[in-house]
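Architecture and fold: a report
Read off the chains here:
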Amino acid sequence: MDISTIKQELETEIVRITSFSELEELRNKYLGRKGILNQLTGAIPSLPKEERASAGQAVNAFKERINSLIQEKEKELKRPSQESVVPSVDIGMPGITQGLGRLHPITQIIDEICGIFVRMGFSVIEGPEVENEFNNFTGLNIALDHPSRDVFDTFYLKYQQKLLLRSHTSPVQIRVMRSEKPPLAVVVPGKVYRPDASDASHSFMFHQVEGFMVDDDIRFSDLKGMLEVFAKGVFGENIKMRFRPHFFPFTEPSVEVDISCIICGGKGCSVCGRKGWLEILGAGMIHPNVFKNVGYPKDKYTGFAFGMGVERIAMLKYGIDDIRLFFENDLRFLKQF
Ligand code: DAH
């Protein structure tokens with residue numbers, strides 16, 4: 001008598017059962033009057049005498065096994081299914097808050113500055129951070145012996161090929177003028193590099209916004225008017241502006257532009273060094289040599305250009321006293337903008 005095959009059959013059958021009626025059928029099949037268990041019991045007397053006792057034990061053990069499997073299944077069928085009681089998603093559980101990022105303060109200021117010029121009709125154009133010597137220096141009328149060309153003032157990449165990290169955004173003037181004809185009105189935001197030791201006011205990388213306008217009849221008064229719109233847009237309607245004569249190789253005449261100190265209003269304080277004025281940018285009328293270097297016809301165009309340090313503008317506007325704060329990625333600082 002081979003009970004083990006029957007037992008295996010029972011175990012696979014019972015696993016598949018999903019309702020009480022199926023379970024009842026199974027109970028009948030095994031425990032009913034003409035069921036398998038009774039058939040097994042009925043076969044015992046016809047076995048050889050020596051086997052009857054062990055066969056009886058095996059049949060009894062099988063009966064117990066059937067009963068306990070049926071009981072278990074009954075319990076399982078009575079138990080309410082997980083899904084009907086507990087939703088599989090706990091909609092009451094607090095969610096994981098996703099921190100919303102925001103633009104870096106430098107990016108915000110760049111957008112603000114460029115936005116003011118875009119509203120006056122300027123286009124925004126970017127240039128590469130790796131430049132050649134012509135665009136960074138020669139084209140801009142910067143003499144071969146000018147100190148800014150020195151390896152102490154410019155990062156050279158491969159000296160042989162005259163490649164460098166641009167030390168200002170002015171080379172984009174050369175790029176644009178070499179490929180486009182006036183009228184031009186362009187602002188150029190971007191990173192620039194200088195081998196300075198880091199301190200509260202120096203960083204080997206910082207940002208500038210360059211601007212220039214070229215056409216038949218662009219005048220110094222256009223520069224003044226547009227810079228005034230810019231300065232009042234960033235620092236408020238109440239500031240005053242002044243132009244001081246200066247020297248840049250790529251502009252003639254050249255100026256440095258100051259605004260009245262936003263802390264003391266011009267009376268003199270520690271921020272403005274008792275002067276009442278804060279320098280915000282360099283500017284001037286584009287030098288005729290620059291037009292010559294980009295291949296524009298002689299005396300056909302005039303134009304102005306200006307360049308400013310973005311970190312400096314942001315530091316003045318928000319009263320930040322250390323440029324390194326912009327680059328440390330400390331959220332306690334960044335979250336304030
Ligand atoms: N390129 C100058 C610098 O990095 C800034 C500058 C001054 C740009 C005068 C100009 C300008 O376009 O006209 O310091």
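No experiment lies behind these values; they were computed from the predicted model shown. (Residues numbered from 1 in each chain as written. Predicted model: local features only at pLDDT ≥ 70, side-chain atom pairs only at ≥ 80, totals over all residues. Heavy atoms only, no water.)

1. As for the pattern of salt bridges
Put simply, the rule reads: Salt bridges are counted wherever a side-chain nitrogen of Lys or Arg sits within 4 Å of a carboxyl oxygen of Asp or Glu. Secondary structure elements are defined from DSSP: runs of H or I of at least 4 residues count as helices, runs of E of at least 2 residues count as strands, and each element is numbered from the N terminus. Residue exposure (1.4 Å probe, protein chains only): buried if accessible area is under 20% of the type maximum, exposed if over 50%, otherwise partly exposed.
Tallying each qualifying case throughout the model produces 18 salt bridges. A salt bridge links E9 to K29; the nearest nitrogen and oxygen atoms lie 3.9 Å apart. Placement of the pair is E9 in helix α1 (residues 3–16) and K29 in helix α2 (residues 20–31), with a sequence separation of 20 residues. The class for E9 is partly exposed, based on a relative accessible area of 43%. R242 is the salt-bridge partner of D258, the closest N and O atoms lying 2.9 Å from each other. On the criterion of sequence distance, the pair formed by D258 in strand β8 (residues 251–260) and R242 in strand β7 (residues 241–248) is long-range, its members being 16 residues apart. The exposure class of D258 is buried, given its relative accessible area of 2%.

2. Overview of the domain arrangement of the protein chain
Rule in force here: The start and end points of each domain follow an automatic or database-based domain assignment.
Under the domain assignment, the protein chain is made up of domain 1 (3–82) and domain 2 (105–334). For domain 1 and domain 2, the distance between their C-alpha centroids amounts to 92 Å.

3. Brief notes about the sheet that holds strand β4 (residues 163–165)
In plain terms, the rule: Strands qualify as paired when DSSP identifies two bridges or more between them. All axes here are fitted lines through C-alpha atoms, helices being fitted over the stretch that makes contact, and every angle between N-to-C directions spans 0 to 180 degrees.
Read from one edge to the other, the open sheet built from 3 strands follows the order β2-β4-β3, with strand pairing classed as antiparallel. The strands lining the two open edges of the sheet, one partner per strand, are β2 (130–132) and β3 (156–158). For this sheet, the mean angle separating the axes of adjacent strands, direction not counted, is 40°. Relative to β4, β2 is paired through 3 bridges, and the arrangement is antiparallel. Residue pairing for β4: V130 is matched across the bridge by L165.

4. As for the layout of surface pockets
To be explicit about the condition: Detection works on a 1 Å grid of protein atoms alone, calling trapped sets that fit a 1.4 Å probe cavities and calling open sets with protein on both sides within 12 Å along at least five of seven lines pockets, with lining residues defined by an atom within 4 Å of a point. Grid points are joined across faces, edges and corners, and a volume is the space filled by probe spheres set on the points. Classification convention: Asp, Glu, Lys, Arg as charged; Ala, Val, Leu, Ile, Met, Phe, Trp, Tyr, Cys, Pro as nonpolar; all other residues, Gly among them, as polar.
Reported here for the largest pocket is a volume of approximately 1300 Å³. Residue lining of the largest pocket: 47 residues in total, with R194, F206, Q208, E279 and G309 positioned closest to the centre. Among the elements of the structure, β6 (205–215), β7, β8, β9 (277–286), β10 (302–309) and α11 (310–318) are those that each provide at least two residues to the lining of the largest pocket. Per element, the largest residue contribution to the lining of the largest pocket is 7 residues, and it comes from β9. Residues belonging to the lining of the largest pocket are distributed by class as follows: 21 nonpolar, 17 polar and 9 charged.

5. A short note on the environment of G319
Positionally, G319 belongs in the loop between α11 and α12 (331–334). Under the relative-accessibility criterion, G319 is labelled exposed at 57%. In this structure, the C-alpha to C-alpha distance between G319 and V271, residues 48 residues apart in sequence, is 8.9 Å.

6. Structural notes on the pairing of β6
Within β6, 10 of the 11 residues are buried, leaving the element largely enclosed by the surrounding structure. Pairing between strand β5 (residues 184–193) and β6: 10 bridges, direction antiparallel. Following the sheet pairing, L184 is matched in β6 by V214. Bridge count between β6 and β10: 8 bridges; the pairing is antiparallel. Bridge assignment links G211 to a residue of β10, and that residue is F306.

7. Description of the pairing of β7
Relative to β8, β7 is paired through 7 bridges, and the arrangement is antiparallel. Among the inter-strand pairings, H246 is bridged to a residue of β8, identified as S254. Once β7 ends, the chain turns through 2 residues before running back antiparallel as β8.

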